[in-house]
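An overview of the molecular structure
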Amino acid sequence: MDNSVLFVCKDPGGMNGIVPVFDAWVKGGGDAVLIANGKAAELLQKPPRPRPVRWYPTPERAVLDFPAPAALVTTFCEGGGMGRGLIPLLKGRCPTIAHLDFWSAPFRPGGSFAAVEYHPAYVAVSDRFGAACARVGW
């Protein structure tokens, strides 16, 4: 399980973007772990489809369990959260990918991901406008 893909979310919007990818990855036979904090941790425990979710008090604690994951797939959740905290810890150990579920929020000055240390290696977007935001954002 050390080489699992880590899927991480915090907010409901980020959760809505990450969970379908997590589900598809697992359905396709991929090894994956869903880590949630914030409101997402609460929502993922409720019907209609509760999921096994891991929660960690700090990103450093999560890295103790997963020092070399296959990849990190996280969201650009406002205020950062676990996913943002994992990016600098996992850079160089695995690909770091963040899904842009809210067009320009992480790219604005002072945004949760504005500091270079929180920039993922890759940004996944859902549409052309998101791609444009990502291209000019940093």
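The present account deals with the structure reproduced in this document. Given the structure is predicted, the values throughout are model-derived calculations rather than measurements.

Turning next to the overall build of the protein chain. Helix and strand counts for the protein chain come out as five helices and five strands. Its helices and strands in sequence order give the protein chain the pattern β-α-β-α-α-β-α-β-β-α, from N to C terminus. Its C-alpha radius of gyration of 14 Å places the protein chain within 12% of the 14 Å reference for a compact globule of 138 residues. Considering only C-alpha atoms, the protein chain reaches an extent of 35 × 35 × 25 Å along its principal axes. Out of the 138 residues in the protein chain, the part that is buried amounts to 43%. As displayed, the protein chain offers around 7,100 Å² of accessible surface, 60% of which is attributable to carbon and sulfur atoms. In the protein chain, 14 positive and 11 negative side-chain charges are present, and the distance between their average locations comes to 3 Å.

Before going further, it helps to examine the pairing of strand β1 (residues 5-9). Side-chain positions along a regular strand alternate between the two faces of the sheet. Most of β1 sits inside the fold, with five of its five residues counted as buried. Here β1 shows no split at all, with Val5, Phe7 and Cys9 on one side and Leu6 and Val8 on the other all buried. Alignment of β1 against strand β2 (residues 32-36), held across five bridges, turns out to be parallel. Bridge assignment links valine 5 to a residue of β2, and that residue is alanine 32.

By size, the foremost hydrophobic cluster in this structure holds 20 residues, and its most contacted members are Leu6, Val8, Ile35, Leu72, Met82, Leu86 and Leu90. At the level of secondary structure, the elements contributing two or more residues to this core comprise β1, β2, α3 (59-65) and α4 (82-90). Among the elements that make up this core, the one with the highest residue count is α4 (four residues). Formed by 15 residues, the second largest nonpolar core is a distinct cluster that contains Met15, Leu34, Ala40 and Ala71.

Attention shifts here to the pattern of salt bridges. One pass over the full model with this rule turns up six salt bridges. Here aspartate 23 ties to arginine 51 by a salt bridge, and the two come within 2.8 Å at their closest N and O atoms. Residue aspartate 23 is found in helix α1 (residues 12-27), and its partner arginine 51 is found in the loop between α2 (38-43) and α3; the two are separated by 28 residues along the sequence. Arginine 51 gets classed as buried once you look at its relative accessible area, which sits at 14%. When the shortest N-O distance is used, the salt bridge between lysine 39 and glutamate 42 registers 3.1 Å. Highlighted residues: lysine 39 and glutamate 42, both in helix α2, separated by three residues, approximately one helical turn. Owing to a relative accessible area of 42%, lysine 39 belongs among the partly exposed residues under this scheme.

Of all five residues in strand β3 (residues 71-75), five are buried; the element is thus mostly enclosed. With three bridges joining them, β1 and β3 adopt parallel strand pairing. Of the residues in β3, the one forming a bridge with leucine 6 is leucine 72. One ladder, built from four bridges, connects β3 with strand β4 (residues 96-99); its direction is parallel.

Conventions and cut-offs
- Residues numbered from 1 in each chain as written.
- Predicted model: local features only at pLDDT ≥ 70, side-chain atom pairs only at ≥ 80, totals over all residues.
- Heavy atoms only, no water.
- Helix = DSSP H or I, 4+ residues; strand = E, 2+ residues; numbered from the N terminus.
- Rg over C-alpha atoms; globule rule 2.2 N^0.38 Å.
- Buried < 20%, exposed > 50% of the residue type's maximum accessible area, 1.4 Å probe, protein only.
- Areas by Shrake-Rupley, 256 points an atom, 1.4 Å probe, with all protein chains shown as cover.
- Lys, Arg positive; Asp, Glu negative; His and termini not counted.
- Charge placed at Lys NZ, Arg CZ, Asp CG, Glu CD.
- Pairing = 2+ DSSP bridges.
- Core = buried A, V, L, I, M, F, W, Y, C linked by side-chain atoms within 4.5 Å.
- Salt bridge = Lys/Arg side-chain N within 4 Å of Asp/Glu carboxyl O.

By themselves these figures say nothing about function.
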